[in-house]
Amino acid sequence: MGTGKVVGEGTIASRDPLAKVHHICLGPDCWKVWVTIALVEDTPLYRATSEFHVLSDAIGSTIAWPKNYILLE
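The sections below set out a description of the structure shown in this document. These numbers were taken from a predicted model, which means no experiment stands behind them.

Details of the layout of surface pockets
- Here the largest pocket is characterised by a volume of approximately 770 Å³.
- Along the wall of the largest pocket there are 26 residues; nearest its centre are Val6, Gly8, Tyr69, Ile70 and Leu71.
- For the lining of the largest pocket, the elements supplying multiple residues, two or more each, are strand E1 (8–14), strand E4 (30–38) and strand E5 (62–66).
- Looking at the lining of the largest pocket, the element that brings in the most residues is E1, giving five residues.
- By residue class, the composition of the lining of the largest pocket is 15 nonpolar, eight polar and three charged.

Quick look at the structure:
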């Protein structure tokens, strides 16, 4: 992370630090994102689960992603 490269596209589902993704609160540094496109499919997830390891695994699902690495358009 942190290269400035756009790795995927999605929709912000929540900015609430108490919102949960896979039973874990987002916390103050992440937003909940619906993943729609993985541009770099093998990008490791910030919070991998037993089911989702890389961005392409999470297409159609929500993930926690660090808000500092989200570009809004």
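Structure's up, so let's keep going.
A closer look at the state of the cysteines
- Counted according to the given criterion, the structure contains zero disulfides.
- Cysteine 25 forms no disulfide, and the closest cysteine sulfur to it belongs to cysteine 30, at a distance of 11 Å.
- Relative accessible area serves as the criterion here: at 34%, cysteine 25 is assigned to the partly exposed category.
- With a relative accessible area of 1%, cysteine 30 lands in the buried category.

Cut-offs used in this document
Residues numbered from 1 in each chain as written. Predicted model: local features only at pLDDT ≥ 70, side-chain atom pairs only at ≥ 80, totals over all residues. Heavy atoms only, no water. 1 Å grid on protein atoms, 1.4 Å probe; cavity = no way out; pocket = protein on both sides within 12 Å on 5 of 7 lines; lining within 4 Å. Points joined across faces, edges and corners; volume = space filled by probe spheres on them. Helix = DSSP H or I, 4+ residues; strand = E, 2+ residues; numbered from the N terminus. Nonpolar A, V, L, I, M, F, W, Y, C, P; charged D, E, K, R; others polar. Disulfide = S-S within 2.5 Å. Buried < 20%, exposed > 50% of the residue type's maximum accessible area, 1.4 Å probe, protein only.

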